[in-house]
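Structural characterization, general
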Amino acid sequence: MSWKRRGRLAGLAILAAAFVAANALPDLGAAAARTGGATGPETRSSSALDITLAQLQARAHLDRFFEAVLDDRGIARNGAALKVALRDERTGAGSIVWITPFARRGDLLMGTLAAAPAPALRIRQGDLVRFNAEDVRDWSFTGADGRMYGNFTTRLVLNAMAPDQAARIAAILSDSPAPADW
């Protein structure tokens, strides 16, 4: 599979996961996703507990992820993404969105919204946002083998997607979320 095609599928995976998360998990991961018949790397039906556990697993590897994808200036390599919980401090509205590209400066992270968040946030796809590491819910990057690592929550919501779409995304996911040498 060409790198261009992998890139397109990776983008599709991020957008599809963001869509499913926005519609199935509106309360920052507290609601359950639908289940279905999709199969793939480490997939199963998802519940609020499963989503929370997947987010905790992703966060457990977050420092190692940053070591792997950030250069010495704190800029993430091409294809690295973060799934972040954003909240409007004035209204309390929240949304979980994918951010790519992104950079880190000390404790502050900033990046570009890869997909449109909930309308109540009053920000749009392509806007630059700032957030902290505590806001990160998941991460993703393409390994040297061409497979997508991370995507702990994406692996769960595959079951909520159309089977053909889930199969295309599962085909580019690594067999396990974290590289074997982590």
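Given the structure is predicted, the values throughout are model-derived calculations rather than measurements.

**Section: the pairing of strand β4 (residues 128–132)**
When a strand is regular, its side chains alternate between the sheet's two faces. Here β4 shows a buried face lined by V129 and F131 and an unburied face lined by L128, R130 and N132. As paired elements, strand β3 (residues 108–113) and β4 share five bridges and run antiparallel to each other. What sits directly across from L109, in β4, is F131.

**A word on the sheet that holds strand β2 (residues 94–105)**
On the basis of which strands lie adjacent, the open sheet formed by six strands has the order β4-β3-β2-β1-β5-β6 and antiparallel pairing. Lying at the two open borders of the sheet, with one neighbouring strand each, are β4 and β6 (148–150). Neighbour-to-neighbour, the strand axes of the sheet open up by a mean angle of 40°, direction not taken into account. Note: β2 against β3, five bridges, orientation antiparallel. From the neighbouring strand, R104 faces β3, where its bridge partner is L109. Against the sheet, helix α2 (residues 48–60) engages β2 and β5 (136–142), with an angle of about 60° to β5. This element, helix α3 (residues 62–69), spans β1 (81–87), β2, β3 and β5 of the sheet and lies at about 35° to β5.

**Concerning the packing of aromatic side chains**
Counted under the stated rule, the structure contains ten aromatic pairs. Both rings, one in F141 and one in Y149, keep their centres 5.6 Å apart while their planes meet at 20°; by these two values the pair is stacked. With respect to burial, F141 and Y149 carry one shared label: buried. Here the aromatic cluster, defined as three or more aromatic residues joined through ring pairs, consists of F65, F66, F102, W139, F141, Y149, F152 and W182.

**Observations concerning the nonpolar core**
Core analysis: the biggest nonpolar cluster contains 29 residues, and F65, L82, F102, F131 and W139 have the highest contact counts within it. If you list the elements that add at least two residues to this core, you get α2, α3, β1, β2, β3, β4, β5 and α4 (152–157). No other element matches α3, which puts four residues into this core. One finds L158, A166, A170 and L173 within the second-largest nonpolar core, a separate group that totals nine residues.

Parameters at a glance
- Residue indices begin from 1 for each chain and proceed along its sequence in written order.
- Given that this is a predicted model, residues contribute local features only at a pLDDT of at least 70 and side-chain atom pairs are listed and counted only at 80 or more, while totals for whole chains, interfaces and linings are drawn from all residues.
- The basis for every side-chain value is the complete set of non-hydrogen atoms in the structure, without hydrogens or water.
- The cut-offs for exposure are 20% and 50% of the maximum accessible area for each residue type, with area from a 1.4 Å probe on protein chains only; residues under the lower value are buried, those over the upper are exposed, and the others partly exposed.
- A helix here means a DSSP run of H or I that spans at least four residues, while a strand means a run of E at least two residues long, and both kinds are numbered starting from the N terminus.
- Paired strands, as defined in this entry, are two strands with at least two bridges between them according to DSSP.
- Every angle, taken between N-to-C directions, lies between 0 and 180 degrees, and every axis is a line fitted to C-alpha atoms, over only the stretch in contact when it is a helix.
- Residue contacts are defined here by distance: any two heavy atoms, one from each residue, within 4.5 Å place the two residues in contact.
- Stacked, edge-to-face and tilted are the three classes for Phe, Tyr and Trp ring pairs, Trp counted by its six-membered ring, which pair at centre distances within 6.5 Å; planes under 30 degrees apart are stacked, over 60 edge-to-face, the rest tilted.
- Definition of nonpolar core: a set of buried residues of the types Ala, Val, Leu, Ile, Met, Phe, Trp, Tyr and Cys, connected through side-chain atoms within 4.5 Å.

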